[in-house]
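Here's the letter readout for the chains.
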Amino acid sequence: MPGKIRQYFSDRKDDVQDYTGGGVVGKFILAVVVVYLLVALVLGMIWSSEPDIFSVREHTRAVADEMQREPVAGFATTATMIRVAETLLDKPGGYVSNDIFPPGLWLDNMPSWEYGVLVQLRDLSRAMRKDISRSQSQSAEDPDLTIAEPQFHFDSGSWAIPSTEAEYRRGIQALYSYLDRLSRPDQPNAQFFARADNLANWLADLETRLGSLSRTLGESVGKASVSDAVSNVNPGDPLSEDVMGEEVKTSWTKIDDVFYEARGSAWALLHIFRAIEVDFRKVLNDKNALASAKQIIIELEGAQGEMWSPVILNGSGFGVLANHSLTMAAYLSRASAAISDMRDLLTRG
């Protein structure tokens, strides 16, 4: 047996030498390729690390001091949006969703994480443009936010001409311009209306986002289709046996993608809600909704717990192995419930 193993590797060595021509140039090219792949493997592991959580209050104070401005209403939310967007582009490895070469091409989890962050940036930038920066439905849109919102909706996978990073940086620059005008007393045309109705409108969209993520995460172990089950019910005979729908289950190749998309969304939302707690503090106190905001933050913090497993486990609901998807779904479901409570409080008179 040892002789067969040595012979196998000897044959493979001969095959490589035949393929490269056996010359110095061929060996050099082979060595470069091997080194490149090893370096790409190490970089891929580094680039797969998720960014750390930052302090929204400390960052807001630092930006205000650097600009020599007072942190007016909306300052924390806008500065946080900018920091989240810059982290998306400037984290180790940069933005990898549009990479066409290793190691970015090989990475699977980080692009899903980036997409989760990007979805929250898109939703909030739309809410800022549509509601929060306008006093009423007939008010003019803010000129900077009309640039920022479509820029973040640009194709997330464009490598060049134009690149995704360049388009997103245009959106970031527009947010910087809005923040500058918002915090300048001589620029009254930049507004941020920290009202209950504006916040409730964004929360309504967010509630559906988290509901969809929670459902997809829960389908990691398979669930009966609700729509099929309802369509199979006989309304004329309520005593007839219930017919369950066909089982819906997330493909095992997509489980980690869904998990990291949810984790990216939770990371972005954690910072956004911390900023909202600052800018909407008066409204939250008046509506007795501050406790709900705190509950949302606590659940989102739980969703950012340290990952000790090198892979996303998919044990059954009450099985021996853990199911990371169900754990994440539990945090997001509780956050969604708190969002529903918060929205109900905000919409009351």
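Keep in mind it's a predicted model, so treat the numbers as computed, not measured.

K.L.:
Tell me about the overall build of the protein chain, and name the residues and values.
P.N.:
When helices and strands are tallied, the protein chain shows 13 helices and two strands. Looking at the protein chain as a whole, 43% of its 349 residues are labelled buried. Accessible area for the protein chain stands at about 18,600 Å²; split by element, carbon and sulfur atoms hold 57% of it.

K.L.:
Any details on the pattern of salt bridges? Residues and values, ideally.
P.N.:
Summed over all chains, the structure comprises 22 salt bridges. The closest approach of N and O atoms between D144 and R181, which form a salt bridge, is 2.8 Å. Highlighted residues: D144 in the loop between α5 (109-132) and α6 (145-152) and R181 in helix α7 (residues 164-182), separated in sequence by 37 residues. The residues D144 and R181 share a single accessibility class, namely buried. In this structure, D286 engages K282 in a salt bridge whose closest nitrogen and oxygen atoms are separated by 3.1 Å. Of the two residues, D286 and K282 are both situated in helix α11 (residues 281-286); the distance of four residues between them amounts to about one turn of the helix.

K.L.:
Help me get a handle on helix α4 (residues 75-90), residues and values and all.
P.N.:
A rise of 1.5 Å per residue sets the reference length of α4, with its 16 residues, at 22 Å; its end C-alpha atoms lie 22 Å apart and thus fit the reference within 8%. Summarising burial for α4: 13 of the 16 residues are buried, a large majority.

K.L.:
Tell me about the packing of α5 against α6, and name the residues and values.
P.N.:
As a packed pair, α5 and α6 sit with axes 9 Å apart at the nearest point and diverge in direction by 155°. One finds that α5 runs roughly antiparallel with respect to α6. Considering only the axes of α5 and α6, their crossing is left-handed. Of the residues in α6, those touching α5 at L118, R122, S125, R126, M128 and R129 are L145, T146, E149, P150 and F152. Its residues placed into classes, the contact of α5 with α6 shows five nonpolar, two polar and four charged.

K.L.:
Let's hear about the packing of aromatic side chains: which residues, and what values?
P.N.:
Within this structure, the stated rule accounts for seven aromatic pairs. On the basis of an interplanar angle of 70° and a centroid distance of 6.3 Å, the ring pair of F54 and W267 is categorised as edge-to-face. Taken as a pair, F54 in the loop between α2 (24-47) and α3 (56-67) and W267 in helix α10 (residues 255-279) lie far apart in primary sequence, 213 residues in all. Here F54 and W267 have matching classes, each one buried. When the ring of F192 is compared with that of F280, the centres are 5.7 Å apart and the planes differ by 65°; the resulting orientation is edge-to-face. Residue F192 is found in the loop between α7 and α8 (196-218), and its partner F280 is found in the loop between α10 and α11; the two are separated by 88 residues along the sequence. This pair shows no difference in class: F192 is buried, exactly as F280 is. These aromatic residues form a ring-pair network of at least three members: F54, W113 and W267.

K.L.:
Describe the nonpolar core, and please don't skip the residues or the numbers.
P.N.:
Among the nonpolar cores identified, the biggest contains 80 residues, and W202, F273, M342 and L346 are the most heavily contacted of them. It is α10 that contributes the most residues to this core, 14 residues altogether. Filtering out sequence-adjacent residues up to four positions away, W202 remains in contact with D123, L124, A127, L269, I272, F273 and I276.

K.L.:
So, the packing of α5 against α10: which residues are in play, and what are the values?
P.N.:
Where α5 contacts α10, the two axes come as close as 7 Å, and the packing angle between them is 40°. With respect to each other, α5 and α10 are oriented oblique. Helix-helix and strand crossings are classified by hand; for α5 and α10 the assignment is right-handed. Side by side, α5 and α10 meet where N109, S112, W113, Y115, G116, V117, Q120 and L124 of the first sit next to D256, D257, Y260, E261, R263, G264, S265, W267, A268, L269 and I272 of the second. Here the residues of the contact of α5 with α10 are counted per class, giving nine nonpolar, six polar and four charged.

Quick notes on the rules
Residues numbered from 1 in each chain as written. Predicted model: local features only at pLDDT ≥ 70, side-chain atom pairs only at ≥ 80, totals over all residues. Heavy atoms only, no water. Helix = DSSP H or I, 4+ residues; strand = E, 2+ residues; numbered from the N terminus. Buried < 20%, exposed > 50% of the residue type's maximum accessible area, 1.4 Å probe, protein only. Areas by Shrake-Rupley, 256 points an atom, 1.4 Å probe, with all protein chains shown as cover. Salt bridge = Lys/Arg side-chain N within 4 Å of Asp/Glu carboxyl O. Expected span 1.5 Å × (residues − 1). Axes fitted to C-alpha atoms, helices over the stretch in contact; angles between N-to-C directions. Parallel < 35°, antiparallel > 145°, perpendicular 65-115°, else oblique. Left-handed = near helix turned anticlockwise from the far one by under 90°. Contact = heavy atoms within 4.5 Å. Nonpolar A, V, L, I, M, F, W, Y, C, P; charged D, E, K, R; others polar. Phe/Tyr/Trp six-rings, centres within 6.5 Å; stacked < 30°, edge-to-face > 60°. Core = buried A, V, L, I, M, F, W, Y, C linked by side-chain atoms within 4.5 Å.

Coordinates in, geometry out; function isn't part of it.
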